[in-house]
Structure formats: structure tokens, C-alpha cells
Amino acid sequence: SGRRPSAPLATFTSTPCSLRAAATWPEPVAPMTLHLRGNTSLTELPPPGIEAGPTLQHTVAAGYDHLAYLAHGGGTDPAAVFASIPRIEYAYLSPPMRGTVELFGRAHAVLHVDDTTGVFQLSVEVKHVDPLGVEQFVTFGTGGLRAGVAGSQTLEFDLGDIAHVIPAGHRIKIRVLNLA
């Protein structure tokens, strides 16, 4: 709904269990910036220069127009429509955390996109990965451009609020998807 929680705010994190209070929201803390690298790694240091990244090619069948969308239940059953569009995703994995990392606040995604149409939607999902490879959902968000022009674009959007602890030795995984 776009409404922010009232301050003060108390949150409960389950990994490990703890209770945390903040006088303001979002909490004024130094942000943690993670960079998606061309080799699908995730680092706190920016790349030394421009890196070629993966290509998410979003395609629908030739002739698939708004009438076909409605025939598949687009207005009432979007999941059926999305199931007919191939989902393309790339995952970026951090090295193991050197110490415990607390993710607390509102995550913000900034994606630099070279687009051929000016019309696209991308989603970002953040997961916590333990040393055995078991993944736990942390947060998700989506954003898009509907009336842009082809070329280099910067897409920015917020993800859901986070109150999560990632222990030392665990990793952060970020997935970028072509659909919500």
C-alpha cells in the first residue's frame, strides 16, 4: 500500500531468534551495497570497469497479443499467462560472510539495463544460503518500464522490508528474473 510502519518499530528475526527495536523507519544505518558481477558473483567491491553481464531475453510467441492474453485469463488468472512465458533468471552468489551480517531495513535495487524495446519488467529476489546450500527467502521486489525507449536504462525499485540475520560462513544469493 506504500504506507510506512509507525515509529518506534519492533521486529522479530527468526535466524537466529531475536527482537530488535528501531526509533525510526527505515532505520538510518550505513547501507550495504552489493554489486552483480559479469561472472555471476556478488561482491561488496564495485567492478574495476564495465563488465558484460548475462542476457535475459524475454520472448513471447509470435502473434501473442492482448486478445491472446485475455483468452488465457490474463485479466483473471495472470499465473496461467505467466506459465506460458519462459522465465529467464540469473543468480549471483556472494562469498561466505566473514562475520554475522544483519539485513535490516528497506532493500533498494538499481539495475543498469541495455534494452532493445523500452518495455520490460525485472524482479529481484534475495535469499540466504547456508553452508549446505539450503536457501531461505529474505525479500523480493519488481519494477519495470512501460513507455521507455530502447537503449541503456537504469531501473530502480524497492524490495520488501527486511529483518534478517545471516551468520558468518553463510552466503547471500540474488536472483534477477524477467517476470514478477
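Within each chain, residues carry numbers counting from 1 in the order of the written sequence. It should be noted that, the model being predicted, local features are given only for residues of pLDDT at least 70 and side-chain atom pairs only at 80 or more, the latter also being counted only at that level, while totals for whole chains, interfaces and linings use all residues. Side-chain metrics in this entry use all non-hydrogen atoms of the structure; hydrogen atoms and water are not considered.

1. Re unusual backbone geometry
Located in the positive-phi region is Thr40, a residue other than glycine, with phi close to 65°. In this fold, Thr40 is placed in the loop between strand 3 (35-36) and strand 4 (42-43). Buried means the residue's accessible area, taken with a 1.4 Å probe over protein chains only, is under 20% of the maximum for its type, while exposed means over 50%, and partly exposed covers the values in between. Residue Thr40 is classed as partly exposed on the basis of its relative accessible area, which comes to 33%. Secondary structure elements follow DSSP: runs of H or I of four or more residues count as helices, runs of E of two or more count as strands, with numbering from the N terminus.

2. What about the side chain of Lys127?
Along the chain, the position of Lys127 falls in strand 7 (residues 120-129). In the analysis that follows, any N or O atom pair within 3.5 Å is treated as a polar contact, provided that within protein one partner can donate a hydrogen and the other can accept it, and provided that, for residues neighboring in sequence, both atoms belong to side chains. Side-chain polar atoms of Lys127 contact the side chain of Glu135, separated by 3.1 Å. Ignoring any residue separated from it by four or fewer positions in sequence, one finds Lys127 in contact with Glu135, Gln136, Phe137, Val138, Arg171, Ile172 and Lys173. Only heavy atoms enter the contact rule, under which two residues are in contact if any of them lie within 4.5 Å.

3. Quick word on the sheet that holds strand 10 (residues 171-177)
Read from one edge of the open sheet, four strands run 5-10-7-8, paired in antiparallel fashion. Each edge of the sheet is formed by a strand with only one pairing partner; in this case those strands are strand 5 (89-93) and strand 8 (135-145). The average angle at which neighbouring strand axes cross in this sheet is 15°, direction not considered. If DSSP finds at least two bridges between two strands, the strands pair. When strand 7 meets strand 10, the two strands line up antiparallel, connected through seven bridges. If you follow Ser123 over to strand 10, its bridge partner there is Leu177. Angles run from 0 to 180 degrees between N-to-C directions of axes, and those axes are lines fitted to C-alpha atoms, restricted for helices to the stretch in contact.

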